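Chain by chain, the residues run as shown.
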Protein chains: 4
Amino acid sequence: MSWNTFGRAFRFTTWGESHGPALGVVVDGCPPGLRLTEDDIQPFLDARKPGQSKYTTQRKEADAVRILSGTFEGRTTGTPISLMIENTDQRSKDYSEVAKAYRPGHADYAYDAKYGFRDYRGGGRSSARETAARVAAGAIARLVIPEVAITGWVEAIGPHAMDYANFDAEQIAANPFFCPDAQAAADWEGVVDATRKAGSSIGAVVACEATGVPPGWGAPVYAKLDSEIAAAMMTINATKGVEIGDGFAAARRSGEENADAMAPGEDGAVSFAANHSGGTAGGISTGQPVTCRVAFKPTSSILTLVDTVTRDGEATQIRTKGRHDPCVGIRGVPVVEAMMALVLADQKLLHRAQCGGERD
Amino acid sequence: MSWNTFGRAFRFTTWGESHGPALGVVVDGCPPGLRLTEDDIQPFLDARKPGQSKYTTQRKEADAVRILSGTFEGRTTGTPISLMIENTDQRSKDYSEVAKAYRPGHADYAYDAKYGFRDYRGGGRSSARETAARVAAGAIARLVIPEVAITGWVEAIGPHAMDYANFDAEQIAANPFFCPDAQAAADWEGVVDATRKAGSSIGAVVACEATGVPPGWGAPVYAKLDSEIAAAMMTINATKGVEIGDGFAAARRSGEENADAMAPGEDGAVSFAANHSGGTAGGISTGQPVTCRVAFKPTSSILTLVDTVTRDGEATQIRTKGRHDPCVGIRGVPVVEAMMALVLADQKLLHRAQCGGERD
Amino acid sequence: MSWNTFGRAFRFTTWGESHGPALGVVVDGCPPGLRLTEDDIQPFLDARKPGQSKYTTQRKEADAVRILSGTFEGRTTGTPISLMIENTDQRSKDYSEVAKAYRPGHADYAYDAKYGFRDYRGGGRSSARETAARVAAGAIARLVIPEVAITGWVEAIGPHAMDYANFDAEQIAANPFFCPDAQAAADWEGVVDATRKAGSSIGAVVACEATGVPPGWGAPVYAKLDSEIAAAMMTINATKGVEIGDGFAAARRSGEENADAMAPGEDGAVSFAANHSGGTAGGISTGQPVTCRVAFKPTSSILTLVDTVTRDGEATQIRTKGRHDPCVGIRGVPVVEAMMALVLADQKLLHRAQCGGERD
Amino acid sequence: MSWNTFGRAFRFTTWGESHGPALGVVVDGCPPGLRLTEDDIQPFLDARKPGQSKYTTQRKEADAVRILSGTFEGRTTGTPISLMIENTDQRSKDYSEVAKAYRPGHADYAYDAKYGFRDYRGGGRSSARETAARVAAGAIARLVIPEVAITGWVEAIGPHAMDYANFDAEQIAANPFFCPDAQAAADWEGVVDATRKAGSSIGAVVACEATGVPPGWGAPVYAKLDSEIAAAMMTINATKGVEIGDGFAAARRSGEENADAMAPGEDGAVSFAANHSGGTAGGISTGQPVTCRVAFKPTSSILTLVDTVTRDGEATQIRTKGRHDPCVGIRGVPVVEAMMALVLADQKLLHRAQCGGERD
């Protein structure tokens, strides 16, 4: 079934196709009284916006957001916040080839199998343009959790990983790759440029950290923070894997190697000797930074001819022309951050619902 | 907030603690008319049951399931199916140490931070005993999707990976590790035995494959099959990572390397040259096997003394005595299979809801 | 918590205030392949539109609907359908009096108590303009249930009830009161005109019937058709009561008087001697017409001075000027019909999810 | 689809049939730290219990509740609370007649149409025994809202209404009819006794009032308090109508007659001149008592022969023997109270989720 809503207490519903007149999101359950104007949202959309460098798609979209409801005199009212972004650069191109045959790795065949037909213009609903809507919603989510700071970055492009010894958070905004390692960023210029020129594509790994999450958010059993974050990240286009904390590396360790020993901290808090767990225990936050890593596959849109079939089941070949990101993971950074914010805002409200009362 | 329900159309709610009188699950939304008795459920519980070999916890539980509602004359009625499993081996032990100090890596501290106190007997609700309830529910889910075959196995224990060149599905049931590689299984005996004797623990990776899933299950955007599976797997105790298809390996590739080229198949179907995507595209099944890998961390219950704090914030050390799995991932196999079945049953019903009508 | 979504399988989320730039709805879960253009929706909005006669509010709204997503080449794609209606007649008036004091019977005080402040322009989110969005969604719901015909009408205005002996369905569209009794409609002209001229308001009862609902829709226990319809109707502004079938009249009867005796019908169906139950038994449709009645209170917007308090808790008096419906129940008819369609579309899909498979 | 869960934040899921081994409920989302033992629940079950007087069914059930999870040392832990009640008096009777033909007014035909077959033993899932589970859940809900007092009573049996001039809350527990009018209660003895002796049945109206609800609970638009209460009440067996406040009477009035004028109250609160609205405005509580009325039809189980059809579509007649309540509305009182408590507990938590934070 079509399912375009995410969240339990802080919920959002996105809509829109890549080649329709607009796309948008309705945010429901937002607390009242938060200061909110378009200016609180636009910077996050700008960070995700295509056409910012030669390393991303050349589609030009203003991605200007408009608040249509849910605020009054610059504050949230507690009623649904409707955000709309018009599509402006839907280049009139020839989709006849895409209409006729399925692009391998794309949603084409699966959508057709599910729905009996599909909107083949630029991927329709399966386009990554949908993520603009959640980045907008994520900007509102951040207002709900002012105690939390969320930072995402690209950790690897294809086989080329950054070096954490060079980690410098300042660098993230200083290069077109959201990379905290200046040396790696410099190296990636050649990698991505060559990929783009070859009409190829390349995968990436995005990391994200949320600091300031207090102990106690999340829930046993089926809304564990780990599960909510994994679900959120795996709704992003092109994602194929997610890790909380050390993830698969933890599976290779012994219990001694993986222990996050505890000690008395400042002001009655607890300090931890390590954060292998990524800030959760039993699915509930421990007060440590909440960390995750997300694997983005290379986009399937490549200029190389690939074997495929037509809607009628005939063998053919297809190459995917158009304006595509050579490395879709790069623009995934603001989306990963947004999903982290949306999960945490939801969990904050859920925690308050159950545990926000007086205790005797 | 406490959240103990999973699923949208085929939903289940689990309850129970490790040291309460019983645990159970209510399955709601199950189609009517399916033949169901305890005998359809018990074998899956037996596969998960502790105490089956010296490589798993020595807690002895019959894990005998009882159907309390939802069937009539051996068939499901369409009303909620209540299953109960009594806890029989709650060894009377001294929990005073656990009550006083937090076990690092366990849910102890996080639960206390969330709820203000906790049930410290054997982990309470955070115990892996909860997974018995979902294995029982998963057995019912399998009846809903008879067209699908689900197989899980252990792929690696700690740094010791099996060799896929030796893959033999028959072997999975032939060794205590659910390992399809007889040689690896033989090697793991020593690994796990040494771990157990050392009072240590070790991580593992579990793989799972579902064949027979027709094209079209799953949904854009926030109920993508990838997202639903990731969410499901990450609710299992000790899981810290999940991959669909090639997962993080795909992030290291180019678009050409990762393409799942298509060709005309038999009977009007489509055949694929590879399955890097793990059987989904755009979050919707393609008809290929749906595959995932799940990372289990080493259980935090080890005999080594680890630094920690008391409830009062004093520094102390703790070792976790008791009857624990040296490699909790092994018994994770039936649980991973169950979650796969539960997700797919849900998605089958959701697909039928939206797309099951006549088309003009 | 703000909750602006309704439905389980066929879900819709409305947004917008009376004095914002627009209002709208996102419909999610709609089956694919249905023919849908704005022309399928507009007539229902026109029926609800203000300013159609002197018996309704004189606010002039085009209420022109625009489809922003979810269709392709004139058919639904199965992805979310976003509908938007611009607000065009937000007369610039002086709200200072409303801003200062609470209008008794309105949501003013309750919203302020809940959210800490409120959008006082025309009621904000509590305005009946929100119902335009659901009438638009209801038009799509009707396409999902072509086997069902839904008819609503006004049964009584204040103490003035129609006479069912005069029931003529043709009359409903022939007078400004959606009244199937021509004589009553004629009488009501004077009643409503006098109410309007006096600056007063008056209550109404709306009835609704859905024919063609097959046996088997609805669900035990917490999604009974009776419960879903009651919930749906009681979300409409100014509603204070709902009956399924004979409702409160049934409470005055004996079991013999209230029995809906059954007999063999045509084509293997069943015929019923009466329909006291309103087409449901055990919360599930029986194949008889599904019927309900909905009580609309008189709108609280009256010109008479009423005692009230200011935001600061001071005693004052207020009269509610503006362009209000003297009998808000009249324009409730298309809304009641829409909610009936929305509930039934949802239940059709839910029934198909659980019971739409093969039976052995 | 089967739907056996109610609530959004404070959720409960019931299970069980009238003739299965047991029935029960899982309560999820309950705040931690509340003192809870079986003794907090049993009195409410005892009030609902059959066989208490000759005016209710003679089925004898101990209805002894057992807490299976979710508490520790006499307090709720925040994890799911599983309650079980064993069925002890499932008299072995001959159901062959019921199995063969449909009882008019019962769920028999509708269940069969939906599911393809049915559990005909005592109504299976459609039996009013299910309400024991929600009465148990309601007892927990009351602990969540200690600020609220909930009182229900029978207002009318058949055409015989009580006189509100005689209202004496003390009387409610003093007669077998939950009637606050001692004179009416005396009169009803004859009415119900005659009904019982005739093998007939009779309808009833139950009223309920919740005092102490603070302003601000409830939500626009699709979780209005009115809507949530209506939905809750209409899930109870045999209910066919619900009113909030004055309900249908309000539909007969003018705006002046129906106004709930406001004035400054004590301690900064507001006082109201009347409570026509039943304690809500715009779907949100105003601080006045929340009131509703619920119509119970006469149970369809009567000894009079009624025309019906067999499963094979043949005409026949049926009389419903067995141990039935002559007036099912009487035992509806504790159930109505429970549903009110369950709705209000849910709304309290939802309100806290959205509006429980600091305001700047």
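Scoring rules and cut-offs
- Sequence order as written defines residue numbering, which begins from 1 separately in each chain.
- Throughout, the order in which chains and ligands are written sets their labels, letters from A for the former and numbers from 1 for the latter.
- Reporting of local features is limited, given that this is a predicted model, to residues whose pLDDT is at least 70; pairs of side-chain atoms are given and counted only at 80 or more, and all residues count toward the totals for whole chains, interfaces and linings.
- Hydrogens and waters are ignored; side-chain quantities use all the structure's heavy atoms.
- UniProt positions are given in the numbering used here, feature names are shortened, and annotations may be inferred rather than shown by experiment.
- Here the copies are superposed with least squares, the fitted atoms being C-alpha atoms of residues at a pLDDT of at least 70 in both.
- We call two residues in contact whenever any of their non-hydrogen atoms come within 4.5 Å of each other.
- Between 30 and 60 degrees the pair is tilted, below 30 it is stacked and above 60 it is edge-to-face, where a pair is any two Phe, Tyr or Trp rings, Trp via its six-membered ring, whose centres lie within 6.5 Å.
- To qualify as a helix, a DSSP run of H or I must reach at least 4 residues; to qualify as a strand, a run of E must reach at least 2; elements of each kind are numbered from the N terminus.
- Here the term buried applies to any residue with accessible area under 20% of the maximum for its type, exposed to any over 50%, and partly exposed to those in between, with areas from a 1.4 Å probe on protein chains only.
- Here, over-ring charges are defined by two tests on the NZ atom of lysine or the CZ atom of arginine: distance to the ring centre within 6 Å, and angle to the ring normal within 35 degrees.
- Two parts lose some accessible area (1.4 Å probe) when they are put together, and adding that loss for both gives the buried area.
- Only one rule defines a salt bridge in this text: a Lys or Arg side-chain nitrogen within 4 Å of an Asp or Glu carboxyl oxygen.
- Polar contacts, as used here, are pairs of N or O atoms within 3.5 Å; protein pairs need one atom able to donate a hydrogen and one able to accept it. Residues neighboring in sequence count only if both atoms are side-chain atoms.
- Side-chain classes are defined by residue name, with Ala, Val, Leu, Ile, Met, Phe, Trp, Tyr, Cys and Pro counting as nonpolar, Asp, Glu, Lys and Arg as charged, and the others, Gly among them, as polar.
- At least two bridges found by DSSP between two strands are what make those strands a pair.

As recorded in an unreviewed UniProt entry, chain A goes by the name Chorismate synthase, listed as coming from Aurantiacibacter gangjinensis. In its Subunit (unreviewed entry) section, the UniProt entry covering chain A states "Homotetramer." Here is the UniProt Pathway (unreviewed entry) comment for chain A, exactly as written: "Metabolic intermediate biosynthesis; chorismate biosynthesis; chorismate from D-erythrose 4-phosphate and phosphoenolpyruvate: step 7/7."

Moving on, we come to the relation of the copies chain B and chain A. It takes a turn of 180° to lay chain B on chain A, together with a shift of 0.0 Å along the axis; the resulting RMSD is 0.0 Å. This pairing of chains is accounted for by a two-fold axis. Taking C-alpha positions as reference, the residue of chain B nearest the rotation axis is Ala231(B), located at 2.3 Å. Interface overlap between copies is the fraction of interface residues in one copy that are interface residues in the other; for chain B against chain A it reaches 100%, indicating a shared surface.

Moving on: the packing of aromatic side chains. The geometry of an aromatic ring pair is captured by the separation of the ring centres together with the interplanar angle, meaning the angle of the planes. In this structure the tally under the stated criterion is 48 aromatic pairs over all chains. Ring plane angle 80° and centroid distance 5.1 Å describe the contact between Trp153(A) and Phe167(A), whose orientation is recorded as edge-to-face. Residue Trp153(A) is located in strand β8 (residues 149-157), and its partner Phe167(A) is located in the loop between β9 (160-161) and α5 (182-197); the two are separated by 14 residues in the primary sequence. For Phe167(A), a relative accessible area of 34% gives the class partly exposed. Note on Tyr120(B) and Phe72(D): the rings are 5.1 Å apart at their centroids and 85° apart in plane angle, and the pair reads as edge-to-face. Of this pair, Tyr120(B) sits in the loop between α3 (108-115) and α4 (130-144) while Phe72(D) sits in strand β5 (residues 71-72), on two different chains. Among the aromatic residues, those joined into a cluster by ring pairs are Phe6(A), Phe12(A) and Tyr222(B). Directly above the ring of Trp3(A) sits Arg8(B), whose terminal nitrogen or CZ lies 4.3 Å from the centroid. Here Arg11(C) stacks its cationic end above the ring of Trp3(A), 3.8 Å away from the centre of that ring.

Another aspect to go through is the interface of chain B and chain A. Listed per partner, the contact involves 105 residues of chain B and 105 residues of chain A. When chain B packs against chain A, the two sides together hide about 7900 Å² of surface, and 64% of this comes from carbon and sulfur. If you look at where chain B meets chain A, you find 2 salt bridges. With its nearest N and O atoms 2.8 Å apart, the salt bridge here joins Asp226(B) to Lys240(A). Viewed at the interface, chain A and chain B are joined by 45 residue pairs in polar contact (both at pLDDT 80 or more). For the side of chain B that touches chain A, the per-class residue count stands at 53 nonpolar, 34 polar and 18 charged.

What follows concerns the interface of chain D and chain B. The interface of chain D with chain B comprises 44 residues on the first partner and 44 residues on the second. Roughly 3300 Å² is buried in total at the junction of chain D and chain B, and carbon and sulfur atoms are behind 66% of that figure. Counting the surface chain D buries against chain B, the share from its top three residues, Trp15(D), Phe72(D) and Phe117(D), is 18%. At the junction of chain D and chain B, the tally comes to 0 salt bridges. Within the residue set of the side of chain D that touches chain B, elements represented by two or more residues are β2 (11-16), β3 (22-28), β4 (65-67), β5, β6 (75-76), β7 (81-86) and α3 (108-115) of chain D. When residues of the side of chain D that touches chain B are assigned to their parent elements, the largest contribution, 5 residues, is made by β2(D). In terms of residue class, the side of chain D that touches chain B is made up of 17 nonpolar, 16 polar and 11 charged.

A word on the sheet that holds strand β4 (residues 65-67) of chain B. Backbone-to-backbone hydrogen bonds pair the strands of a sheet. The strands run either parallel or antiparallel. All names here are of chain B. Taken together, 5 strands build an open sheet; the order of strands is β1-β2-β3-β7-β4 and the sheet is antiparallel. The open sheet is flanked by β1 (5-6) and β4, the only strands paired with a single partner. Two elements, β1 and strand β2 (residues 11-16), share 2 bridges in a ladder whose sense is antiparallel. Of the residues in β2, the one forming a bridge with Thr 5 is Thr 13.

Here we take up the side chain of Ser69(D). All names here are of chain D. Within the fold, Ser 69 resides in the loop between β4 and β5. Its relative accessible area of 3% is what places Ser 69 among the buried residues. At 2.7 Å, the side chain of Ser 69 forms a polar contact with the backbone oxygen of Pro 80. At 3.1 Å, the side chain of Ser 69 forms a polar contact with the backbone nitrogen of Ser 82.

A word on the pattern of salt bridges. According to the stated counting rule, one finds 80 salt bridges over all chains in the structure shown. Between Asp108(B) and Arg103(B) there is a salt bridge whose closest N-O contact spans 2.8 Å. With a relative accessible area of 4%, Asp108(B) lands in the buried category. A salt bridge links Glu337(C) to Arg142(C); its shortest N-O distance comes to 3.0 Å. In this pair, Glu337(C) is assigned in helix α9 (residues 332-355) and Arg142(C) in helix α4 (residues 130-144), connecting sequence segments 195 residues apart. A single burial state applies to Glu337(C) and to Arg142(C), both of which are buried. Bridged by salt links that share partners, the residues Lys54(A), Asp193(A), Arg196(A) and Lys197(A) form one connected network.

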